[in-house]
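# Inside the fold
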Amino acid sequence: MGVLEWATSPWGQHVPIHIAWFLIWVALIVGLLFLIVHAIWLRFFAAHKEFAANSSPGLTARIPARVPRHSFVARAFHWIMAASMFTLLFTAFLPRVGIQFNWVPYHWIAGTVLTLSILYHIFHASFWLDFWSIWPDKQDLEDAWKRIRRFFGLPAALPRKFAKYPLENKLYHGVIMLSGLAVILTGVFMMFRVRTIFFPRNPYLFSDMTWGLMYVLHGLAGVGVIALVIMHVYFGLRPEKLPITKSMIFGWMDRDFVLQEHDPERWAVTTTPPSTLRPEPEGD
Ligand code: HEM
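Predicted model only: the values in this text are computed from it and were never measured.

### Comments concerning the overall build of the chain
Assigned secondary structure in the chain consists of nine helices and four strands. Here the C-alpha coordinates of the chain stretch approximately 75 × 40 × 35 Å along the principal axes. Residue burial in the chain is summarised as follows: out of 284 residues, 38% are buried. A sequence separation of at least 24 residues applies to 71% of the contacts in the chain between residues at least 6 apart. When the 25 positive and 18 negative side-chain charges of the chain are each reduced to one mean point, those points stand 6 Å apart.

Listed below in structure tokens is the structure:
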């Protein structure tokens, strides 16, 4: 049983036409296994997280009671993207597992919404947000090394607290970005294969082999998104992560939550006037 489905073109060429659909189940199982193993590990085996003390107690004292984390526009983008992603997943995969409906128009419309929202996100993140906050930096890698050594019981100093995003979130962003770009770039060309409002249908734009590879890449990235979305929703619903999910709804986080895992020297939080400051918690 191969991972691709093949066909013979009118010119006798053996060409891939799309992925084998059992990969949908593989992605579902991988996503669910990940969350089961992670939940068991966290419940029974994981050590308590430990960080080095913040290097600037002065900055710590200036953190406001409510720390702004996501602007209204950033939150709107996140939820529009989430709605379009779920629509794309359900319209693409339900018909493959036996639930038949006229999925193509809903799919390309959701694809267009996702494409426009991602274009906006790239523009917004490049010019308004702190562009580099989502990419791993040298400190993240040094701390990851310390965390790995400590995990194996080897001697290592305590890692620093995180900047705005922990390394794990940055890596997740990188992987979902690559899968997202793959489905978008292939999806835009695949719109030439179906009837849309944007351009006339032209199935002869590419050779059968190129179309086949494009459908394969679209499908592979698409099933990858199944596992990635399961992991993302799982973390969003975990009790200790709920303050992060709440910040994606209301835009801010509690000071105490921020100070547990974030270093104000690495994340330049908006500070409040001294009159509203609260006493600095012990140990920071
Ligand atoms: C999470 C994102 C996405 C997933 C999981 C997904 C999944 C899929 C799958 C499994 C197919 C069937 C492919 C085949 O038969 O081999 C498909 C087809 C298609 N997708 Fe997507 N897709 C996504 C995003 C997009 C985007 C962003 C666009 C447009 C910009 C798009 C446009 C299309 C089009 C036009 C087709 C072709 C329909 C046809 O030829 O009948 N998709 N998609």
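### Things to note about a nonpolar patch on the surface
A cluster of nonpolar side chains, namely L32, I36, I40, W41, F44, F45, W145, I148, F151, F152 and L154, defines an oily patch on the protein surface of about 1200 Å² accessible area. Contributions of two or more residues to the nonpolar patch are made by α1 (22-45) and α5 (138-151). Counting residues per element, the nonpolar patch draws most heavily on α1, which supplies six residues. Residue position: F152 is located in the loop between α5 and α6 (167-190).

### Some words on the site of the ligand
H18, A92, H107, Y215 and H218 are the nearest of the 25 residues found near the ligand. One of the side-chain N or O atoms of H107 is found 2.8 Å from a nitrogen atom in the ligand. In the environment of the ligand, an oxygen atom lies 2.5 Å from a nitrogen or oxygen atom belonging to the side chain of Y215. Going through the elements one at a time, α3 (72-93), α4 (103-127), α6 and α7 (208-237) are the ones with two or more residues in the shell around the ligand. Element by element, the count of residues in the shell around the ligand is highest for α4, at six residues.

### A few points about the packing of aromatic side chains
Tallied over the full model, the rule gives 15 aromatic pairs. Ring centres 5.8 Å apart and planes at 75 degrees place the aromatic pair W108 and F198 in the edge-to-face group. Placement of W108 in helix α4 and of F198 in the loop between α6 and α7 is noted, with a sequence separation of 90 residues between them. Note on F198: relative accessible area 42%, which makes it partly exposed. An angle of 40 degrees between the planes, with centres 6.1 Å apart, marks the rings of F131 and W135 as tilted. A relative accessible area of 32% means that F131 is categorised as partly exposed. Each member of the aromatic cluster is reached from another via a ring pair, and the members are W108, F192, F198 and F199.

### Some words on the pattern of salt bridges
What the rule picks out here adds up to eleven salt bridges. D143 is the partner of K146 in a salt bridge, and the nearest nitrogen-oxygen pair spans 3.7 Å. Here K146 and its partner D143 are both found in helix α5, three residues apart, which amounts to about one turn of the helix. The partly exposed category is assigned to K146, whose relative accessible area is 23%. Overlapping salt bridges bring together D137, D140, D143, K146, K170 and R266 as one network.

Analysis parameters
- Residues numbered from 1 in each chain as written.
- Predicted model: local features only at pLDDT ≥ 70, side-chain atom pairs only at ≥ 80, totals over all residues.
- Heavy atoms only, no water.
- Helix = DSSP H or I, 4+ residues; strand = E, 2+ residues; numbered from the N terminus.
- Buried < 20%, exposed > 50% of the residue type's maximum accessible area, 1.4 Å probe, protein only.
- Contact = heavy atoms within 4.5 Å.
- Lys, Arg positive; Asp, Glu negative; His and termini not counted.
- Charge placed at Lys NZ, Arg CZ, Asp CG, Glu CD.
- Patch = residues over 30% accessible without salt bridge, like charges linked within 9 Å, V, L, I, M, F, W, Y side chains within 5 Å.
- Areas by Shrake-Rupley, 256 points an atom, 1.4 Å probe, with all protein chains shown as cover.
- Salt bridge = Lys/Arg side-chain N within 4 Å of Asp/Glu carboxyl O.
- Near = heavy atom within 4 Å.
- Polar contact = N/O pair within 3.5 Å; in protein donor to acceptor, adjacent residues only side chain to side chain.
- Phe/Tyr/Trp six-rings, centres within 6.5 Å; stacked < 30°, edge-to-face > 60°.

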